[in-house]
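Secondary and tertiary structure notes
Chain by chain, the residues run as shown.
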Amino acid sequence: MTEHPEPLDPAEIDRFARAIARIAERDYPLESEELTMAANTYGTAFQFLAMRRGSAYAKRLGRAAEDRAQELVEEHRQATIQRVFVGLHDKVSEENDKLD
């Protein structure tokens, strides 16, 4: 009989993904003390998850959180482009049209 793995909790995926994304968005230098501290804090929370849910579940959840964090960071970058640069380009174009 094949054992089926426990389904991943979407809320846990989201929580860990958002934590990863927040750290990534801070853009700390790779070997900085700030990045090390942020990663250690995240790692502590993840260790508690692994102790509570088991290592197999934690590994699967970690991979899902990594994938979702990459999407969140990309969404944040896209939102920044939309919010800041599209408006800026439109404004400059409109002002330039007035000069023509």
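In the block above lies the structure referred to throughout.
Residues numbered from 1 in each chain as written. Predicted model: local features only at pLDDT ≥ 70, side-chain atom pairs only at ≥ 80, totals over all residues. Heavy atoms only, no water.

1. Side note on the overall build of the protein
Applicable threshold: Counting from the N terminus, the helices are DSSP H or I runs at least four residues long and the strands are E runs at least two residues long. Computation of the radius of gyration draws on C-alpha atoms, with the globule rule given as 2.2 Å multiplied by the number of residues to the power 0.38. Residue contacts are counted whenever heavy atoms from the two residues lie within 4.5 Å of one another. In this tally Asp and Glu are treated as negative and Lys and Arg as positive; neither His nor the chain ends contributes. Here the site of a charge means NZ on Lys, CZ on Arg, CG on Asp, or CD on Glu.
From N to C terminus, the protein includes three helices and zero strands. Each helix and strand of the protein, ordered N terminal to C terminal, gives the series α-α-α. A globule of 100 residues ought to have a C-alpha radius of gyration of about 13 Å, yet the protein, at 20 Å, is considerably larger. On the principal axes, the C-alpha backbone points of the protein span a range of 75 × 40 × 15 Å. Taking as baseline every contact in the protein between residues at least 6 positions apart, the subset at least 24 positions apart corresponds to 71%. Across the protein, the mean location of the 14 positive side-chain charges is 6 Å away from that of the 20 negative side-chain charges.

2. Some words on the nonpolar core
Heads up, the rule is: Here, nonpolar core means buried Ala, Val, Leu, Ile, Met, Phe, Trp, Tyr and Cys residues that are tied together by side-chain atoms lying within 4.5 Å of each other. Each residue is placed in one exposure class: buried if its accessible area under a 1.4 Å probe, protein chains only, is under 20% of its type's maximum, exposed if it is over 50%, and partly exposed if it falls in between.
Core analysis: the largest hydrophobic core is formed by 18 residues, its most contacted members being Phe16, Tyr42, Phe46, Leu49 and Leu61. Contributing elements (two or more residues each) for this core: helix H1 (10-25), helix H2 (33-53) and helix H3 (55-99). Considering every element that reaches this core, the biggest residue donor is H3, with seven residues.

3. Brief notes about the side chain of Ser32
Applicable threshold: Nitrogen and oxygen atoms within 3.5 Å of one another constitute a polar contact, given that in protein one can donate a hydrogen and the other can accept it, and given that sequence-neighbouring residues count only through two side-chain atoms.
Counting through the fold element by element, Ser32 comes out in the loop between H1 and H2. Among the polar contacts made by the side chain of Ser32, one reaches the main-chain carbonyl oxygen of Pro29 at a distance of 2.9 Å.

4. Some points on the environment of Glu95
In this fold, Glu95 is placed in helix H3. Put simply, Glu95 and Gly54 are 41 residues apart on the chain and 60 Å apart in space, counted from C-alpha to C-alpha.

5. Overview of the packing of aromatic side chains
Just so we agree on the cut-off: Ring pairs shown here join Phe, Tyr and Trp side chains whose ring centres sit within 6.5 Å, with only the six-membered ring taken for Trp; geometry is labelled stacked below 30 degrees between planes, edge-to-face above 60, and tilted in between.
Under the criterion given, the structure shown has three aromatic pairs. When the ring of Phe16 is compared with that of Tyr42, the centres are 5.7 Å apart and the planes differ by 90 degrees; the resulting orientation is edge-to-face. Here the residue Phe16 occupies a position in helix H1, and Tyr42 occupies one in helix H2, the gap between them amounting to 26 residues. Since its relative accessible area comes to 19%, Tyr42 is described here as buried.

The analysis is restricted to geometry; functional conclusions fall outside its scope.
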